[in-house]
Amino acid sequence: IETDTGNVGIGTTTPSEKLEVDGNIKITTSGSELQFVNHSVGAYRDASNRLMISGFGGVRFQAEAVSGMENQATRMVINPNGNVGIGTTSPSARLDVSASATTSVDIAHFSNSNDVVKAKFSLSSNSSGELSLIDGDNNTDVFISSNSDSYLNGGNVGIGTTTPSAKLEVAS
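Residues numbered from 1 in each chain as written. Predicted model: local features only at pLDDT ≥ 70, side-chain atom pairs only at ≥ 80, totals over all residues. Heavy atoms only, no water.

## Description of the overall build of the protein chain
- Along the protein chain, the regular secondary structure elements total zero helices and 16 strands.
- The buried share of the protein chain, reckoned over its 172 residues, is 15%.
- Put simply, the protein chain shows about 12,600 Å² of open surface, and 52% of that area lies on carbon and sulfur atoms. (Helix = DSSP H or I, 4+ residues; strand = E, 2+ residues; numbered from the N terminus. Buried < 20%, exposed > 50% of the residue type's maximum accessible area, 1.4 Å probe, protein only. Areas by Shrake-Rupley, 256 points an atom, 1.4 Å probe, with all protein chains shown as cover.)

Written as structure tokens, this is what we have:
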């Protein structure tokens, strides 16, 4: 205990906060929990054992490949209006994903339970948007590009019908 400030230190003789721990903290008693709560932010376990994280101005998730809190970069945010941003700190839609580059980059993958990509959104080498749908044999059967050839190789195509009987069937 630092008598001049009233701060308490564990593993340190010069605590700079009301409680400063230099080392790991472990809580092992059944039913024990550690809560961080004030009027603006909180992190705690609710009655259903879910991790609850709240923030008056939203929630930001930060990470970096090197250690140290000072090097952290925001990777995902949840704004107070409910918009989620990945790769952006100011999402303008319910889900706003920003690519890490402007060309030749995959933006989002949708995979099966074996981690095999079955749908993806990407940017081409000329910054055009692309959508790919992959079949069970891992062939791209549907490819839609905003700036080049697009194709459908998965069977018959119907416009105005859900049961086309030819390669292309247009209902009247």
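## Some details on the sheet that holds strand 6 (residues 59-63)
- A sheet is described by the order of its strands in space; here four strands give the open sequence 6-7-8-9, paired in mixed fashion. Each end of this open sheet is capped by a strand with a single partner; those strands are strand 6 and strand 9 (95-97). With direction set aside, neighbouring strand axes in the sheet form an average angle of 20°.
- As defined by bridge partners, strand 8 (residues 84-86) adjoins strand 9 across three bridges and the pair is classed as parallel. Note that in strand 9 the partner of glycine 85 across the bridge is aspartate 96. (Pairing = 2+ DSSP bridges. Axes fitted to C-alpha atoms, helices over the stretch in contact; angles between N-to-C directions.)

## A word on the confidence of the model for the protein chain
- In this model, the protein chain carries an average pLDDT of 86, and 90% of its residues clear a pLDDT of 70 or more.
- Mean pLDDT values over the elements of the protein chain span from 65, in strand 3 (residues 36-37), up to 96, in strand 12 (residues 129-134). (pLDDT = per-residue confidence, 0-100.)

## Examining the pattern of salt bridges
- A complete count under the given rule lists one salt bridge for this structure.
- For aspartate 106, the salt bridge goes to lysine 120, with nearest N and O atoms at 3.8 Å. Of this pair, aspartate 106 sits in strand 10 (residues 105-111) while lysine 120 is found in strand 11 (residues 117-123), placing the two residues 14 residues apart along the sequence.
- The class of lysine 120 is partly exposed, set by a relative accessible area of 25%. (Salt bridge = Lys/Arg side-chain N within 4 Å of Asp/Glu carboxyl O.)

## Considering unusual backbone geometry
- The backbone of serine 104 sits at a positive phi, close to 50°, despite the residue not being glycine.
- Tracing the chain through its elements places serine 104 in the loop between strand 9 and strand 10.
- On the basis of relative accessibility, which here comes to 55%, the residue serine 104 falls in the exposed class.

## Some remarks on the pairing of strand 4 (residues 41-45)
- In the sheet, strand 4 pairs with strand 5 (residues 51-55) via five bridges, with the strands oriented antiparallel. Each bridged residue has a counterpart across the sheet, and for glycine 42 the counterpart in strand 5 is serine 54.
- Taking the residues between adjacent antiparallel strands as the criterion, strand 4 and strand 5 are bridged by five residues, where asparagine 49 takes a positive phi near 65°.

## Focus on the sheet that holds strand 14 (residues 151-152)
- One open sheet holds the five strands; their spatial order is 10-11-12-13-14, and the pairing between them is antiparallel. Each edge of the open sheet is held by one strand with a lone partner, namely strand 10 and strand 14.
- Sheet topology places strand 10 next to strand 11; six bridges connect them, and they run antiparallel. Note that in strand 11 the partner of serine 111 across the bridge is valine 117.

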